[in-house]
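# Close look at the chain arrangement
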Amino acid sequence: MNSDDINPNDPGINPLAVLHFQDRFTRELPADPETDNHRRQVHSACYSLVTPKTAANPALVAFSAEQAADIGLSPKDCESSQFLHVFAGNQLLPGMVPHAMCYGGHQFGHWAGQLGDGRAINLGEVEDIHGQLQMLQLKGAGETPYSRMADGLAVLRSSVREFLCSEAMFHLGIPTTRALSLITSGEQVVRDMFYDGRPQAEPGAIVCRVAPTFLRFGNYELFNARGDIDNLRKLVDYTIRHHFPHLGVPCKQTYLDWFKEVCERTADLVVHWMRVGFVHGVFNTDNTSITGLTIDYGPYGWIDNYDPDWTPNTTDATNKRYRFGHQPQIAQWNLLQLGNAIYPLINDVEPLQQILTDYVETYTQKWQQMRAGKLGLSSYQREADDDLNQQLQKILLLAETDMTIFYRKLADVSCEASASTLGDDDLFAPLMPAYYAPDALSKEDKKDICDWLRRYQQRVRQEGTSDAERKIRMNQINPKYVLRNYLAQQAIDKAHDGDYSLIHELLEVMRRPYDEQPQFEHYAAKRPDWARHKPGCSMLSCSS
Ligand code: AMP
Ligand code: MG
């Protein structure tokens, strides 16, 4: 074919021509004037322009068909050579303005100064089919001015985890950044997975993430820490204008309304995490989204046996700051840091303080609603249900009890009048599969569990809900399938052998987490014993 005959708009050659990039962030906000890609402190700027690194030999591992469809791409488009090269970082499309964002953050409770996108590069925004602009971002596409001591790359192991979990969370109905694609770079990346002086080469990978914005609390904190109030205001105004437009023209009251909404969204987010047993693992302020999304999937984990003190993150093993049950308090602590950061725009402590105080009540109300839902109750009645929940928490800790299976099976415990005469064994029977060692349950344990179940039956009967109706309700809020740590690790082990089939299969299962999927029953199984202490299954580090 003569090159004159090539039509750049031919979807066969140029399937990504449907993506029309916009550049609001880079056009409206101050840029770092330096464009050379070396590590530095970047002042008075929201971002630095960077070019993604060329991947030596990219190969597509997986894509999310739903996320692709949302931005107008078909599965065929995702399998095209252009898709591969663009989302490996090897080709820029017209309108893209690749850049890394400048932010700081509190890490493990301490101000860490400038952090920034050390290995994430925003490409630009495209409109999705709902008319909302979505930023596309490559994670693991090379160094930026914010890479500090690290290489700007990501390994396949952590990229599989980010890709699968983003999509699993989305299908669970939990606010999250999304994942469009997972591509191996064809290069090896060296990582010391447990910081024990045994570095190993692992396959490198790039995930294309998608979100309306990747702004974090740390973006605002850094300007305040540097006393750069002009740019703080510019960034807050930008955020409100584009991501909270319903709040109206920025002014003192709008800033307060905005802060209140960020608090509410953060509360919603954490209630969701507590509902499904998700532990973020590094809930630092630089990993806390301003729009209330789950962001930066690192050493996260899912609760197998219910344990509020569990964290998957070995880097946090001593203090367990980011343990499951502590996430609501951490969210409030992070919000306090955001409140401090935007204080200079408001100059009035009292209303900010009030909003933070209200967070506790807001969170509590949302949490109660969630708890009622998990138990199949139509509303939460404080007097009765506070105690019912406290007792349940005790029951769940009597012996290792799988959180996900417990709530799923609780829906099978009959609460109708005919069940009031059931003996302990029959009453308890539906819950047996939730216990890791059912034989180890003592008589007293079983009695305590049955006592609780009888209270629960009575409470449900008060509402007059039928078993069938309650089960439908409960199964819409209590997932059957979550991305258990050992499942993701099995997919990673296979991927290291060049077999991506489990990644594809898990992606498929996690598309319908609330549905019974008999052909995938084994993916709802309890953590097997071999996974109890295996790295990647119960212990993860920040090395990724
Ligand atoms: P995290 O807590 O893992 O989300 O990351 C904390 C900071 O470290 C962020 O500024 C990241 O961009 C940066 N970072 C993490 N891994 C790398 C890497 N491999 N190369 C460059 N920067 C990184
Ligand atoms: Mg981060």
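Heads up: the structure comes first, above all this text.
Note that the structure is predicted; figures quoted are calculated from it, not measured.

### A closer look at the overall build of the protein
When its secondary structure is counted, the protein shows 17 helices and 11 strands. Here the C-alpha coordinates of the protein stretch approximately 80 × 60 × 50 Å along the principal axes. In the protein, buried positions account for 56% of the 544 residues. Restricting to contacts in the protein with at least 6 residues of sequence separation, those with at least 24 account for 72%. In the form shown here, the protein has an accessible surface area of approximately 21600 Å², with 51% of it arising from carbon and sulfur atoms. A gap of 3 Å separates the mean positions of the 53 positive and 70 negative side-chain charges of the protein.

### Observations regarding the packing of aromatic side chains
Under the defined criterion, the tally for this structure stands at 20 aromatic pairs. With 4.9 Å between their ring centres and 65° between their planes, Trp273 and Phe283 make a pair best called edge-to-face. Placement of the pair is Trp273 in helix α8 (residues 252-276) and Phe283 in the loop between β10 (278-279) and β11 (301-302), with a sequence separation of 10 residues. Take Phe283: its relative accessible area is 1%, and that puts it in the buried class. Cluster of aromatic residues (ring-pair linked, three or more members): Trp273, Phe278, Phe283, Tyr297, Tyr300 and Trp302. The ring of Tyr300 carries Arg161 above its face, with NZ or CZ at 4.0 Å from the centroid.

### Examining the coordination of the magnesium ion (ligand 2)
Distances from the magnesium ion (ligand 2) to its protein donors, Asn287 (OD1) and Asp296 (OD), fall at 2.0 to 2.1 Å. Assigned by exposure class, Asn287 and Asp296 land together as buried.

### Side note on the pairing of strand β7 (residues 133-139)
Counting buried positions along β7 gives seven out of seven residues, so the element sits mostly inside the fold. By the alternation rule, side chains of β7 split into Leu133, Met135, Gln137 and Lys139 and Gln134, Leu136 and Leu138, which are all buried. One ladder, built from seven bridges, connects strand β6 (residues 120-127) with β7; its direction is antiparallel. Paired with Val126 across the strands is Gln134, a residue of β7. Direction of pairing for β7 relative to strand β9 (residues 200-211): antiparallel, over a ladder of five bridges. Bridge pairing links Leu136 to Val210 in β9.

### Overview of the layout of surface pockets
If you add up the space inside the largest pocket, you get close to 1200 Å³. Arg119, Arg148, Cys542, Ser543 and Ser544 are, among the 48 residues lining the largest pocket, the residues nearest its centre. Those elements giving two or more residues to the lining of the largest pocket turn out to be α5 (156-172) and α16 (485-496). Top element by residues in the lining of the largest pocket is α16. It accounts for four residues. Here the lining of the largest pocket is built from residues that sort into 18 nonpolar, 16 polar and 14 charged.

### Description of the site of ligand 1
Around ligand 1, the surrounding shell holds 17 residues, and the nearest of these are Gly116, Gly118, Arg148, Gly152 and Asn287. Separating a nitrogen atom of ligand 1 from a side-chain N or O atom of Asp151 is a distance of 3.2 Å. Looking at the shell around ligand 1 residue by residue, the classes come out as four nonpolar, six polar and seven charged.

### Let's talk about α8
Since the α-helix advances by 3.6 residues per turn, residues separated by three or four positions end up pointing in the same direction. Its 25 residues give α8 an end-to-end C-alpha distance of 37 Å, which sits within 8% of 36 Å, the value for a rise of 1.5 Å per residue. Directly beyond the C-terminal end of α8, a positive phi value near 85° is found at Gly277.

### Some words on the environment of Ala56
Note on placement: Ala56 falls in the loop between β1 (47-49) and β2 (59-63). Exposure remark for Ala56: the relative accessible area of 57% places this residue in the exposed category. Along the chain, Ala56 and Gln41 lie 15 residues apart, while their C-alpha atoms are 30 Å from each other. Not counting residues up to four positions away in its chain, the partners in contact with Ala56 are Ser185 and Glu187.

### Looking at the packing of helix α10 (residues 349-374) against helix α11 (residues 382-398)
Across the interface, α10 lies against α11 with an axial gap of 12 Å and an inter-helix angle of 75°. It follows from the interaxial angle that α10 and α11 lie roughly perpendicular. Residues Glu361, Thr364, Gln365, Trp367, Gln368 and Arg371 of α10 pack against Arg382, Asp386, Asn389 and Leu392 of α11. The residue inventory of the contact of α10 with α11, partitioned by class, reads two nonpolar, four polar and four charged.

### Thoughts on empty space enclosed by the protein
Empty space left among the atoms is revealed by rolling a probe the size of a water molecule over them. Per the counting criterion, the structure on display carries six cavities of 30 Å³ or more. In terms of lining, the largest cavity is formed by 15 residues, of which the most central are Lys53, Gly140, Leu153, Ser185 and Ile206. Those elements that place two or more of their residues in the lining of the largest cavity are β8 (178-191) and β9. Split into classes, the residues belonging to the lining of the largest cavity amount to eight nonpolar, five polar and two charged. Broken down by element, the lining of the second largest cavity gets its largest block of residues, three residues, from α5. Of the residues contributing to the lining of the second largest cavity, the split by class is three nonpolar, three polar and three charged.

### Quick look at the packing of α8 against helix α9 (residues 327-346)
Where α8 meets α9, the closest approach of the two axes is 10 Å, and the angle between their N-to-C directions is 165°. Compared by their axis directions, α8 and α9 come out roughly antiparallel. Considering how the two elements wind past one another, α8 and α9 form a crossing that is right-handed. For the pair α8 and α9, the contacting residues are Lys252, Tyr255, Leu256, Trp258, Phe259, Val262, Cys263, Thr266, Val270, Trp273 and Met274 in the first and Gln327, Pro328, Ala331, Leu335, Leu338, Gly339, Ile342, Leu345 and Ile346 in the second. Residues that form the contact of α8 with α9 fall into these classes: 16 nonpolar, three polar and one charged.

### Thoughts on the pairing of β9
Across the 12 residues that make up β9, a large majority, nine, are buried. Relative to β9, β8 is paired through 10 bridges, and the arrangement is antiparallel. Across the sheet, Ser181 pairs through a bridge with Cys208, a residue of β9.

What counts, and where the lines are drawn
- Residues numbered from 1 in each chain as written.
- Chains lettered and ligands numbered in written order.
- Predicted model: local features only at pLDDT ≥ 70, side-chain atom pairs only at ≥ 80, totals over all residues.
- Heavy atoms only, no water.
- Helix = DSSP H or I, 4+ residues; strand = E, 2+ residues; numbered from the N terminus.
- Buried < 20%, exposed > 50% of the residue type's maximum accessible area, 1.4 Å probe, protein only.
- Contact = heavy atoms within 4.5 Å.
- Areas by Shrake-Rupley, 256 points an atom, 1.4 Å probe, with all protein chains shown as cover.
- Lys, Arg positive; Asp, Glu negative; His and termini not counted.
- Charge placed at Lys NZ, Arg CZ, Asp CG, Glu CD.
- Phe/Tyr/Trp six-rings, centres within 6.5 Å; stacked < 30°, edge-to-face > 60°.
- Lys NZ or Arg CZ within 6 Å of the ring centre and 35° of its normal.
- Donors = N, O, S within 2.8 Å, 3.2 Å for Na, K, Ca; no water.
- Pairing = 2+ DSSP bridges.
- 1 Å grid on protein atoms, 1.4 Å probe; cavity = no way out; pocket = protein on both sides within 12 Å on 5 of 7 lines; lining within 4 Å.
- Points joined across faces, edges and corners; volume = space filled by probe spheres on them.
- Nonpolar A, V, L, I, M, F, W, Y, C, P; charged D, E, K, R; others polar.
- Near = heavy atom within 4 Å.
- Polar contact = N/O pair within 3.5 Å; in protein donor to acceptor, adjacent residues only side chain to side chain.
- Expected span 1.5 Å × (residues − 1).
- Axes fitted to C-alpha atoms, helices over the stretch in contact; angles between N-to-C directions.
- Parallel < 35°, antiparallel > 145°, perpendicular 65-115°, else oblique.
- Left-handed = near helix turned anticlockwise from the far one by under 90°.

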